[in-house]
Amino acid sequence: VKTERNCSGGVTPWGTIITCEETRTTGDVNGDGYTDTGWHVEIDPATRTVRQYGNGKSEKLWALGRMSHENIVLASDRKTAYFGEDSPDGAVYKFVANTTDNLSAGTLYVLKLSAALSSGEPTTTTGSWVQVPNTTKSDRNNTYSLATNLGATQFNGVEDLEIASNGQVYFTSKGNGRVYRFTDNGSGLSSFQTFVGGQSYAINYGSGSVSEDWGIGNDNLAFDGDGNLWVLQDGGRGHIWVVRPSHTQTSPRVELFATTPSGAESTGITFSPDKKFMFLSIQHPSSTNSSQTDASGTSVSFNAAATIVIARKENLGDGSLREEAMDYSSEEANNNVVAVFPSLFENEVKVRFSLHESAIVNISMLDMTGRVVKALSTQNIEKGDKEVVLDLSDVSQADKAFVVTVDVNGKKYSSKVFRK
């Protein structure tokens with residue numbers, strides 16, 4: 001399966017990755033009746049192949065429709081997906097699969113507000129989900145025009161959608177310079193509003209504050225473990241914003257975490273399942289950026305693309321990190337080695353550790369949404385070599401990717417494993 005202009009995507013609750021083709025170019029080179037580009041594509045990271053759906057071949061997610069896809073997020077019911085189109089007249093869509101953990105067939109809807117936006121600002125709090133035909137190849141090839149003709153509300157560049165812990169759906173409109181949110185009630189939606197953007201905010205920088213215009217270009221979104229919404233800005237000021245859960249437009253709680261180097265944009269923000277590590281990329285900074293002194297006193301030039309990992313100091317640990325083991329070298333637990341294996345398992349995962357002295361050990365297994373699917377109670381284990389077996393035969397066979405976390409006296413080790 002050939003893909004083109006892959007942009008943002010999402011991780012499913014069953015551990016696959018969905019990448020998005022941000023294009024609506026025409027053409028059907030292989031003559032299968034589907035336009036070649038403009039689709040979601042589901043990839044199994046364990047096998048590194050595009051998923052098959054019972055037809056004996058790898059296929060794209062035709063039923064979700066063809067458009068300039070940029071994003072997708074899956075709800076906890078493992079059937080409902082939300083996504084949008086990165087286009088000046090792009091819309092917001094919902095897809096409800098016929099079968100859990102299988103997006104190859106289902107019903108497609110587009111969001112239609114009860115009244116039009118006014119200069120990007122909602123004039124209503126309600127809307128409906130209008131069904132978009134998606135059963136034939138012609139329907140699927142022409143999703144964009146079908147949705148437009150059905151009166152879909154147009155948002156200027158839908159870059160990302162995320163679901164908060166309370167179930168509300170948040171999404172960006174890059175051109176409108178806003179993050180909207182709403183409550184999905186099934187056939188309709190309520191509480192539609194601008195959550196953040198479209199105005200200036202007072203930013204405290206320690207010795208004072210400055211009024212900072214939100215501007216346009218809000219792009220990627222991510223929630224951290226405390227419910228803060230992180231918003232990456234593409235264009236405009238190039239800011240990385242943090243919006244507190246208690247934020248409202250009348251009582252703002254907006255902070256500025258960072259600003260990207262000249263010419264750059266920040267993308268791809270995500271957090272590890274335990275929410276202790278943040279990952280993001282810095283794309284295309286200007287190659288002529290001059291050097292400056294960083295926080296450690298080193299002279300650096302931010303003139304090349306980079307991927308950055310950020311963590312609070314207390315989450316960095318004291319030991320050396322390796323692919324299969326971590327050596328805890330601290331006063332509380334010296335030379336405690338942890339190993340998780342096999343990395344590709346059927347129904348059992350083993351956790352082996354060697355304790356220099358007695359320790360409190362907690363072991364948890366999380367799916368790719370951060371949900372704990374298996375946990376062992378706190379244990380006060382005597383020193384020595386130990387091995388624990390996690391029986392995963394009762395965990396959904398549809399889940400393919402997991403993170404195992406081992407906490408030894410407060411020192412944490414994490415390892416990713418995959419089901420065969």
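The structure displayed is predicted, hence computed values, not measured ones.

Cut-offs applied
Residues numbered from 1 in each chain as written. Predicted model: local features only at pLDDT ≥ 70, side-chain atom pairs only at ≥ 80, totals over all residues. Heavy atoms only, no water. Helix = DSSP H or I, 4+ residues; strand = E, 2+ residues; numbered from the N terminus. Rg over C-alpha atoms; globule rule 2.2 N^0.38 Å. Buried < 20%, exposed > 50% of the residue type's maximum accessible area, 1.4 Å probe, protein only. Contact = heavy atoms within 4.5 Å. Areas by Shrake-Rupley, 256 points an atom, 1.4 Å probe, with all protein chains shown as cover. Lys, Arg positive; Asp, Glu negative; His and termini not counted. Charge placed at Lys NZ, Arg CZ, Asp CG, Glu CD. 1 Å grid on protein atoms, 1.4 Å probe; cavity = no way out; pocket = protein on both sides within 12 Å on 5 of 7 lines; lining within 4 Å. Points joined across faces, edges and corners; volume = space filled by probe spheres on them. Nonpolar A, V, L, I, M, F, W, Y, C, P; charged D, E, K, R; others polar. pLDDT = per-residue confidence, 0-100. Pairing = 2+ DSSP bridges. Axes fitted to C-alpha atoms, helices over the stretch in contact; angles between N-to-C directions. Salt bridge = Lys/Arg side-chain N within 4 Å of Asp/Glu carboxyl O.

Q: Go over the overall build of the protein with me, naming the residues and quoting the values.
A: Secondary structure summary: the protein contains 2 helices and 34 strands in total. Here the C-alpha atoms of the protein give a radius of gyration of 23 Å, agreeing with the 22 Å that 2.2 N^0.38 yields for 420 residues. Seen through its principal axes, the protein has C-alpha atoms that stretch 70 × 60 × 40 Å. Per-residue burial over the protein gives 45% buried out of 420 residues. Restricting the contact set of the protein to residue pairs at least 6 apart, pairs at least 24 apart contribute 49%. In the form shown here, the protein has an accessible surface area of approximately 19,300 Å², with 46% of it arising from carbon and sulfur atoms. Averaging the coordinates of the 37 positive side-chain charges in the protein and doing the same for the 49 negative ones gives two points 3 Å apart.

Q: Can you break down the layout of surface pockets residue by residue, with the values?
A: For the second largest pocket, the calculated volume is near 530 Å³. Around the second largest pocket sit 20 residues that line it, and Asp224, Asp226, Trp230, Phe271 and Arg312 are the ones nearest its centre. The set of elements that each furnish at least two residues to the lining of the second largest pocket consists of strand E19 (254–259), strand E21 (277–283) and strand E24 (306–311). Per element, the largest residue contribution to the lining of the second largest pocket is 3 residues, and it comes from E19. Partitioned by chemical class, the residues of the lining of the second largest pocket number 9 nonpolar, 3 polar and 8 charged.

Q: Lay out the confidence of the model for the protein with the relevant residues and their values.
A: Taken over all residues, the pLDDT of the protein has a mean of 88, while the share at 70 or more is 95%. Across residues 319–335, where pLDDT falls below 50, the model places 49 contacts with residues more than four positions away in sequence or in other chains.

Q: Which residues make up the sheet that holds E24, and what values do they have?
A: Spatially, the 3 strands line up as an open sheet ordered E20-E21-E24, and their pairing is antiparallel. Only two strands of the sheet have a single neighbouring strand rather than two, namely strand E20 (265–271) and E24. The average angle at which neighbouring strand axes cross in this sheet is 20°, direction not considered. Where E20 meets E21, 5 bridges bridge the pair, whose relative direction is antiparallel. The residue of E21 that forms the bridge with Thr270 is Phe279.

Q: For the pattern of salt bridges, give the residues involved together with the corresponding values.
A: Pairing between side chains of opposite charge can happen when the charged atoms of each approach one another. Tallied over the entire structure, the rule returns 12 salt bridges. A salt bridge links Arg24 to Glu85; its shortest N-O distance comes to 2.8 Å. Of the two residues, Arg24 is situated in the loop between strand E2 (17–21) and strand E3 (40–44) and Glu85 in the loop between strand E6 (80–84) and strand E7 (92–99); the sequence distance between them amounts to 61 residues. Look at Arg24 and you get partly exposed, because its relative accessible area is 29%. With its nearest N and O atoms 3.1 Å apart, the salt bridge here joins Asp184 to Lys94. Of this pair, Asp184 sits in strand E12 (residues 178–184) while Lys94 sits in strand E7, placing them 90 residues apart in sequence. Look at the salt bridges and you will find they share partners, linking Glu159, Lys174 and Asp234 into a network.

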